[in-house]
Amino acid sequence: MYLQTVALNDVKCFALHGYYPEEQLTGTEFLVSVEVTFLPSGDTEDLQKTVNYEILNNIILEEMRNTKKMLESVVKLILDRTISSFPFVLTAVAGIKKMHPPMPGEIHHSFVQLSYTSEKKH
């Protein structure tokens, strides 16, 4: 049995997410990743029978434009829309890195991730 993975890693977005009001004014850079797995159909040349990463990219960009206080909310929306768009996925993981979060110390990024596993049998 084959298990196929389709992913977009570190999609760069400038967005206004943040708990503090000043974060929502100044914004910052984020890197967003989504990875899904599914059982491939026999026709590997049919875009309708796979996860189209162009659609994944659109989901990421649209949800990153909608300002939220918590990255947990954004990552859940991205994951929910991904699962809704591709109901045949068996697993899905979405993560957001907030680059250089505004706090003391030199922090490369903070990170929030959410995982989904289908209840369907393989």
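Residues numbered from 1 in each chain as written. Predicted model: local features only at pLDDT ≥ 70, side-chain atom pairs only at ≥ 80, totals over all residues. Heavy atoms only, no water.

(A) Summary view of helix α3 (residues 71–85). Taking 1.5 Å as the rise per residue, α3 with 15 residues should run 21 Å; its terminal C-alpha atoms sit 21 Å apart, in good agreement. Listed as buried for α3 are Leu-71, Val-74, Val-75, Ile-78, Leu-79, Thr-82 and Ile-83. One face of α3 carries all of its buried residues, which in axial projection span an arc of 165 degrees. Buried residues in α3 make contact with β2 (28–38), α2 (53–65), β3 (91–99) and β4 (109–117). (Helix = DSSP H or I, 4+ residues; strand = E, 2+ residues; numbered from the N terminus. Expected span 1.5 Å × (residues − 1). Buried < 20%, exposed > 50% of the residue type's maximum accessible area, 1.4 Å probe, protein only. Arc of directions from axis to C-beta. Contact = heavy atoms within 4.5 Å.)

(B) A look at the pairing of β3. Bridge count between β2 and β3: eight bridges; the pairing is antiparallel. Looking across to β3, one finds that Glu-35 is bridged to Val-93. (Pairing = 2+ DSSP bridges.)

(C) Representation of the UniProt feature "domain: Dihydroneopterin aldolase/epimerase" (unreviewed entry) in the protein chain in the model. With numbering matched to this structure, UniProt assigns "domain: Dihydroneopterin aldolase/epimerase" (unreviewed entry) to residues 6–116. What you have in residues 6–116 is 31% helix and 34% strand, and the ends, taken at the C-alpha atoms, are 15 Å apart. (UniProt positions renumbered as here; feature names shortened; annotations may be inferred.)

(D) Quick look at the sheet that holds β3. Read across the open sheet, the four strands follow the order β1-β2-β3-β4; overall the sheet is antiparallel. Each edge of the open sheet carries a strand with a single partner, namely β1 (4–15) and β4. Adjacent strand axes in the sheet meet at a mean angle of 10 degrees, parallel and antiparallel pairs treated alike. In this sheet, β4 lies alongside β3 in antiparallel orientation, the contact comprising nine bridges. Pairing of Gly-95 across the sheet is with Gln-113, part of β4. Across the sheet, α3 touches β2, β3 and β4, and the angle it forms with β3 is around 150 degrees. (Axes fitted to C-alpha atoms, helices over the stretch in contact; angles between N-to-C directions.)

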